[in-house]
Amino acid sequence: MMNGGHVPKEGPNKLMKVSSYLLALRPWSLSASLMPTLLGSAIAFKSSTTDHQHLATAASEQFSVLILLLTLLTVVSVHGAGNVVNTYFDYVKGIDNRKSDDRTLVDQILSKDEVVTLGALLYAVGCVGFIVLALISPAKMEHLALVYFGGLSSSFLYTGGIGLKYIALGDVIILIIFGPISVLFAFMSQTGRLEWATIYYAIPLALNTEAILHSNNTRDLESDRQAGIVTLAIVIGHTFSHILYAFLLFTPYIIFVVLATRYSTWFLLPLVTLSSAFRIEKQFRCQDTIQQVPRETAKLNLCFGFLYVLALSVSDPNRLPYMH
């Protein structure tokens, strides 16, 4: 027995360590992969119910909740790993500094070794999720693997290896991964079909997600330039970056108005978030308020994406384009 001794505070310390690992994943950004995955799954669900005359086909394409959960686990794990890789290389290359939004390595919340271990663990979880998914999904292994490893390698090469982010190609990668690739992967996992028409539905989400990255790069424009890297925001300058951000933010709403006019009024549902979009765009214009814009855009992306998925889910599948 210890007389008057203090009980070691292992519980709180472990809890703080776990919360440090969770923060390193940048949970606020995970909607960027979560929403397109849910969208692809919703398209798969609707496409399997379009033709009620072919009952055998419909039966063979029953929507699987297990496949949905595995797809979410796989995609979000790879996205989290990509965030960790980004944290590591931004710090190693001297891009993250005292003013950086990502404090994981700058404030030594985690060590470099812990960040590397976390990234490796997340990629491992993603690969295990993919293997199980490949075993139970109706999709051909080679098709599923092509899309999965294309996304995985892109998540690493964004800042690792040749570092596409540092040579003004990061925006292209984000548009592809967090749009067509994630939507297609989720759709294919459920149906087994490689349907390129899913890209049509991915466009609004892809543009909105790119707005998150672009606002982040515009905010960090000066510090990135001093670090010697090149982003699209640096190439086009602050004025055109503002124009591009406004385009990325508001074009999806125009698309939804067109979809509502032509196919289903449910597509007006995401317009509920339009007032928030105007507020964030106003913050983008001011140097004092742009700091919070990437996170605010990510919150918008979550609400916007959820309402889009909901609108698609309740619309009549026989009236939707490319569903049959």
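Residues numbered from 1 in each chain as written. Predicted model: local features only at pLDDT ≥ 70, side-chain atom pairs only at ≥ 80, totals over all residues. Heavy atoms only, no water.

A. Main features of the overall build of the protein chain. Looking only at helices and strands, the protein chain features 12 helices and 0 strands. The helix and strand sequence of the protein chain, counted from the amino end, reads α-α-α-α-α-α-α-α-α-α-α-α. Looking at the protein chain residue by residue over its 324 residues, the buried ones come to 50%. Sequence separation of at least 24 residues holds for 75% of the intrachain contacts in the protein chain that already meet a minimum separation of 6. (Helix = DSSP H or I, 4+ residues; strand = E, 2+ residues; numbered from the N terminus. Buried < 20%, exposed > 50% of the residue type's maximum accessible area, 1.4 Å probe, protein only. Contact = heavy atoms within 4.5 Å.)

B. Broad picture of helix H2 (residues 31-47). Over its 17 residues, H2 runs 24 Å from end to end, which matches the ideal 24 Å to within 8%, given 1.5 Å per residue. Across the 17 residues of H2, 14 count as buried, placing the element largely inside the fold. (Expected span 1.5 Å × (residues − 1).)

C. View of the environment of Leu 269. Topologically, Leu 269 is positioned in the loop between helix H10 (232-262) and helix H11 (274-285). With relative accessibility at 23%, the residue Leu 269 sits in the partly exposed group. Setting aside anything within four residues of it in sequence, one finds Leu 269 in contact with Leu 307, Leu 310 and Ala 311.

D. Structural detail: the packing of aromatic side chains. Counted according to the given criterion, the structure contains 14 aromatic pairs. Each ring, one from Tyr 88 and one from Phe 89, has its centre 5.2 Å from the other, and the planes form 90 degrees; the classification is edge-to-face. Given a relative accessible area of 25%, Tyr 88 falls into the partly exposed group. Taking the centre distance of 4.3 Å and the plane angle of 5 degrees together, the rings of Tyr 245 and Phe 284 count as stacked. Highlighted residues: Tyr 245 in helix H10 and Phe 284 in helix H11, separated in sequence by 39 residues. Given the relative accessible area of 0%, Tyr 245 is considered buried. (Phe/Tyr/Trp six-rings, centres within 6.5 Å; stacked < 30°, edge-to-face > 60°.)

E. Inspection of the pattern of salt bridges at higher detail. This structure, assessed with the given rule, holds 6 salt bridges. Two residues, Asp 220 and Arg 219, come together in a salt bridge whose shortest N-O distance is 3.0 Å. A salt bridge links Glu 296 to Arg 279; the nearest nitrogen and oxygen atoms lie 3.4 Å apart. Within this pair, whereas Glu 296 is found in helix H12 (residues 293-314), its partner Arg 279 is found in helix H11, the two being separated by 17 residues in sequence. Using a relative accessible area of 17% as the deciding quantity, one classes Glu 296 as buried. Arg 279 sits in the partly exposed class, given a relative accessible area of 41%. Each of Arg 279, Glu 296 and Lys 299 takes part in salt bridges that share partners, so that together they form one network. (Salt bridge = Lys/Arg side-chain N within 4 Å of Asp/Glu carboxyl O.)

F. The arrangement of unusual backbone geometry in detail. The phi dihedral of Ala 168 is positive, around 65 degrees, even though this residue is not glycine. Tracing the backbone through its elements, the reader meets Ala 168 in the loop between helix H6 (141-157) and helix H7 (170-191).

G. A look at the UniProt feature "transmembrane region" (unreviewed entry) in the protein chain. Following the UniProt record, the feature "transmembrane region" (unreviewed entry) maps to residues 20-45, 65-89, 115-136, 143-160, 166-187, 227-247 and 253-278 here. The span residues 143-160 carries 83% helix and 0% strand; its end-to-end C-alpha distance comes to 25 Å. The distance from the first to the last C-alpha atom of residues 166-187 is 31 Å, and the span holds 82% helix and 0% strand. (UniProt positions renumbered as here; feature names shortened; annotations may be inferred.)

H. Structural context of the side chain of Gln 190. If you trace the backbone, Gln 190 turns up in helix H7. Judged by relative accessible area, Gln 190 falls into the buried class, the value being 5%. Here Ser 64 takes part through its backbone oxygen, which lies 2.8 Å from a polar atom of the side chain of Gln 190. Residues within four places of Gln 190 in sequence aside, it is in contact with Ala 44, Gln 62, Phe 63, Ser 64, Ile 67, Leu 68 and Pro 138. (Polar contact = N/O pair within 3.5 Å; in protein donor to acceptor, adjacent residues only side chain to side chain.)

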